[in-house]
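Take a look at the letters that make up each chain.
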Amino acid sequence: VVSTQSTESSGINAEYFAPLFIKLAGDRQTETVILEEVATWAVEMERVDEVQSILHSLYDLDVLDEGSILAWSKGCEEEIKERIERFVTWLEEADEESSEDD
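Keep in mind that what you see is a predicted model, and the values were worked out from it rather than measured. (Residues numbered from 1 in each chain as written. Predicted model: local features only at pLDDT ≥ 70, side-chain atom pairs only at ≥ 80, totals over all residues. Heavy atoms only, no water.)

**Structural notes on the overall build of the protein chain**
Inference 1: Along the backbone of the protein chain there are 5 helices and 0 strands.
Inference 2: Along its sequence from the N terminus, the protein chain presents helices and strands in the succession α-α-α-α-α.
Inference 3: Relative to its full complement of 102 residues, the protein chain shows a buried share of 35%.
Inference 4: A fraction of 70% describes how many contacts in the protein chain between residues 6 or more apart in sequence connect residues 24 or more apart.
Inference 5: In the form shown here, the protein chain has an accessible surface area of approximately 6,400 Å², with 47% of it arising from carbon and sulfur atoms. (Helix = DSSP H or I, 4+ residues; strand = E, 2+ residues; numbered from the N terminus. Buried < 20%, exposed > 50% of the residue type's maximum accessible area, 1.4 Å probe, protein only. Contact = heavy atoms within 4.5 Å. Areas by Shrake-Rupley, 256 points an atom, 1.4 Å probe, with all protein chains shown as cover.)

Encoded structure:
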């Protein structure tokens, strides 16, 4: 299980911005834009180590759904992919478990 770390150390308060993100998100294309922007910000600000906790927070707040994250993660930059590997694996395992329950 991946722990949800506070994103406040990164200067991002995901809970504060969640209502805005939720209004903007809701479809795969918009969620992909959010994912790309988070990744771009992390690389530009040299905060790639924080991407996993930011994505996990946005997932927990229902800004991003697992399908969008999983689809995007297949084509994201290798530097980002390495940092989110545990979170992606956790999402894949949760998806498999929910499929078995159906």
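**Focus on unusual backbone geometry**
Inference 1: One non-glycine residue, E46, lies in positive phi territory at about 55°.
Inference 2: Looking at the element boundaries, E46 is found in the loop between helix 2 (28-44) and helix 3 (51-60).

**A closer look at the packing of aromatic side chains**
Inference 1: Tallied over the full model, the rule gives 3 aromatic pairs.
Inference 2: Note on Y59 and F87: the rings are 6.0 Å apart at their centroids and 75° apart in plane angle, and the pair reads as edge-to-face. One end of the pair, Y59, is in helix 3; the other, F87, is in helix 5 (residues 78-101), and 28 residues separate them in sequence. We note that Y59, like F87, is buried.
Inference 3: Between F87 and W90, the aromatic rings sit 6.0 Å apart at their centres with planes inclined by 20°, giving stacked as the arrangement. Separated by 3 residues within a single helix, F87 and W90 lie in helix 5, roughly one turn from each other.
Inference 4: Through pairs of rings, three or more aromatic residues link up here, namely Y59, F87 and W90. (Phe/Tyr/Trp six-rings, centres within 6.5 Å; stacked < 30°, edge-to-face > 60°.)

**Notes on the nonpolar core**
Inference 1: In this structure, L55, L64, W72, I80 and I84 are the most contacted members of the largest nonpolar core, which totals 24 residues.
Inference 2: Residue assignment for this core shows that the elements contributing at least two residues are helix 2, helix 3, helix 4 (66-73) and helix 5.
Inference 3: What I84 contacts, discounting residues up to four positions off in sequence, is V51, Q52, L55, W72, S73 and C76. (Core = buried A, V, L, I, M, F, W, Y, C linked by side-chain atoms within 4.5 Å.)

**Observations regarding the packing of helix 2 against helix 4**
Inference 1: Here helix 2 crosses helix 4 at 55°, and the two axes come no closer than 9 Å. With respect to each other, helix 2 and helix 4 are oriented oblique. With respect to the hand of their crossing, helix 2 and helix 4 are arranged in right-handed fashion. Each of R28, E31, T32, L35, E36 and A39 in helix 2 lies in contact with helix 4, whose residues at this interface are G67, S68, I69, A71 and W72.
Inference 2: Grouping the constituent residues of the contact of helix 2 with helix 4 by class yields 5 nonpolar, 3 polar and 3 charged. (Axes fitted to C-alpha atoms, helices over the stretch in contact; angles between N-to-C directions. Parallel < 35°, antiparallel > 145°, perpendicular 65-115°, else oblique. Left-handed = near helix turned anticlockwise from the far one by under 90°. Nonpolar A, V, L, I, M, F, W, Y, C, P; charged D, E, K, R; others polar.)

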